[in-house]
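So the chains spell out like this:
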Amino acid sequence: MEQGLGAFCRRKKRLLTALALLLLALMPLLYRYQAREEARYLEEGGSLQAIVPGEESVELIVRGSRGKTAVIRTVYLTASEEEAPRRREDPAYDPDETAIVNALIHTVNELKEESRPGEALTLPVAAMDDVALDWERPARGRVYLLPPLAFPVAVLYLYRGEKDRERKKRQREQEEIRTAIPAFNDRLLLLLGSGLIYEDAFLRIAEGYRDYPGDNAFGTLLIRVCDRAARLRTDSVLVFEQEAARSDVRALARMTALIRENQYRGADLSEKLASESAMLWDDRRKYAEEQGRLAETRLAAPMGLMLLVLVTIAAAPALMQM
């Protein structure tokens with residue numbers, strides 16, 4: 001994985017450099033934003049004494065206590081007008097807790113009425129009903145340090161995304177090759193039966209794919225074999241065998257082994273291909289059935305959801321009359 005990640009970083013050097021510069025440019029912006037937010041809290045001796053409200057809410061943590069009972073709440077103060085919370089009278093709560101909560105609500109309402117944008121607002125240390133107040137600002141980390149930490153996460157995300165795309169592309173190519181092998185075997189068998197030698201038959205099939213280009217992995221593989229064999233001036237059987245091993249398709253590797261045996265040992269290729277044809281078409285039929293079962297499994301959830309919607313629509317009038 002390390003080698004793969006290193007190669008990915010070398011290929012995507014420009015993209016990763018631009019991403020790093022972008023994240024570094026965000027650091028001073030986040031630092032100024034956090035500094036501006038921190039300036040709204042006025043402390044003295046380690047204790048929060050006042051705040052400077054603005055158009056955006058200021059988050060505070062207040063602890064109200066009376067005797068042995070204490071209540072901690074998070075409140076938001078702003079200089080803009082908004083609906084104030086109401087007093088609460090609920091016999092299910094402890095009387096002291098209810099009194100503390102109502103005192104906090106009353107204090108928050110008064111602070112909202114006194115709030116003026118840009119003016120310091122002193123936080124009271126006591127409320128009605130002898131409730132003591134202790135104010136704190138919420139704990140926040142150093143947000144401006146997030147961009148450097150986000151860089152390796154972004155690199156891993158991009159790397160995994162590329163690996164997933166390559167894996168899906170490889171699976172699609174293997175499926176196309178497996179589907180095209182039986183037809184290739186029959187074409188090769190037909191041309192050999194008409195009197196052509198293997199090299200001419202293979203070249204004619206590959207040129208047929210070249211004359212009608214399309215997004216076909218097997219045709220691309222055959223054209224690549226011809227071009228590489230011509231460039232290296234080597235036997236196409238050897239190149240074909242190497243490409244088959246690289247494709248990781250068992251049926252293609254078995255076919256190239258039969259062709260190599262014919263070329264180097266003088267075996268009857270037509271007889272071997274004829275016996276191989278039935279096996280290849282049987283494998284293709286089994287593969288198509290397997291893909292059909294997978295498609296049924298994938299469609300089960302959407303069909304179930306559609307059935308649920310139809311049942312809901314059909315039963316809705318009866319449920320509305322109940």
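Remarks on the sheet that holds strand S2 (residues 47-51)
Point 1. Pairing is antiparallel in the open sheet, where 3 strands are placed in the order S1-S2-S5. The strands lining the two open edges of the sheet, one partner per strand, are strand S1 (41-44) and strand S5 (121-122).
Point 2. Bridge count between S2 and S5: 2 bridges; the pairing is antiparallel. Of the residues in S5, the one forming a bridge with Ala50 is Thr122.

Observations regarding the sheet that holds strand S6 (residues 126-127)
Point 1. Read from one edge to the other, the open sheet built from 4 strands follows the order S4-S3-S7-S6, with strand pairing classed as antiparallel. At either end of the open sheet lies a strand with only one pairing partner, and these are strand S4 (69-77) and S6.
Point 2. In this sheet, S4 lies alongside strand S3 (residues 58-66) in antiparallel orientation, the contact comprising 9 bridges. Among the inter-strand pairings, Ile61 is bridged to a residue of S4, identified as Thr74.
Point 3. Packed on one face of the sheet, helix H3 (residues 95-114) meets S3, S4, S6 and strand S7 (131-136) and runs near 25 degrees to S4.

Some thoughts on unusual backbone geometry
Point 1. Positive phi outside glycine occurs at Asp130, with the angle close to 60 degrees.
Point 2. Relative accessible area serves as the criterion here: at 71%, Asp130 is assigned to the exposed category.
Point 3. A positive phi angle, near 60 degrees, is found at Asp248, a position not held by glycine.
Point 4. Note that Asp248 resides in the loop between helix H7 (236-247) and helix H8 (250-265).

Digging into H8
Helical geometry: 3.6 residues make up each α-helical turn, so side chains three or four residues apart lie on a common side.
Point 1. In a regular helix each residue adds 1.5 Å, so 16 residues correspond to 22 Å; H8 covers 22 Å between its end C-alpha atoms and thus fits that length.
Point 2. Taken as a whole, H8 has its buried residues at Ala251, Leu252, Met255, Thr256, Leu258, Ile259 and Asn262. All buried residues of H8 lie within an arc of 155 degrees about the axis, which places them on one face of the element. Summarising the geometry of H8, the exposed residues directed more than 90 degrees from the buried face are Arg250, Tyr264 and Arg265.

Some thoughts on the layout of surface pockets
Using a probe with the size of a water molecule, rolled over the atoms, empty space left in the structure can be pinpointed.
Point 1. Considered as a void within the structure, the largest pocket measures approximately 280 Å³ in volume.
Point 2. Around the largest pocket sit 16 residues that line it, and Glu173, Ile177, Ala217, Thr220 and Arg224 are the ones nearest its centre.
Point 3. Here the element with the most residues in the lining of the largest pocket is helix H4 (residues 146-193); it accounts for 7 residues.

Reading the values: the criteria
- Residues numbered from 1 in each chain as written.
- Predicted model: local features only at pLDDT ≥ 70, side-chain atom pairs only at ≥ 80, totals over all residues.
- Heavy atoms only, no water.
- Pairing = 2+ DSSP bridges.
- Helix = DSSP H or I, 4+ residues; strand = E, 2+ residues; numbered from the N terminus.
- Contact = heavy atoms within 4.5 Å.
- Axes fitted to C-alpha atoms, helices over the stretch in contact; angles between N-to-C directions.
- Buried < 20%, exposed > 50% of the residue type's maximum accessible area, 1.4 Å probe, protein only.
- Expected span 1.5 Å × (residues − 1).
- Arc of directions from axis to C-beta.
- 1 Å grid on protein atoms, 1.4 Å probe; cavity = no way out; pocket = protein on both sides within 12 Å on 5 of 7 lines; lining within 4 Å.
- Points joined across faces, edges and corners; volume = space filled by probe spheres on them.

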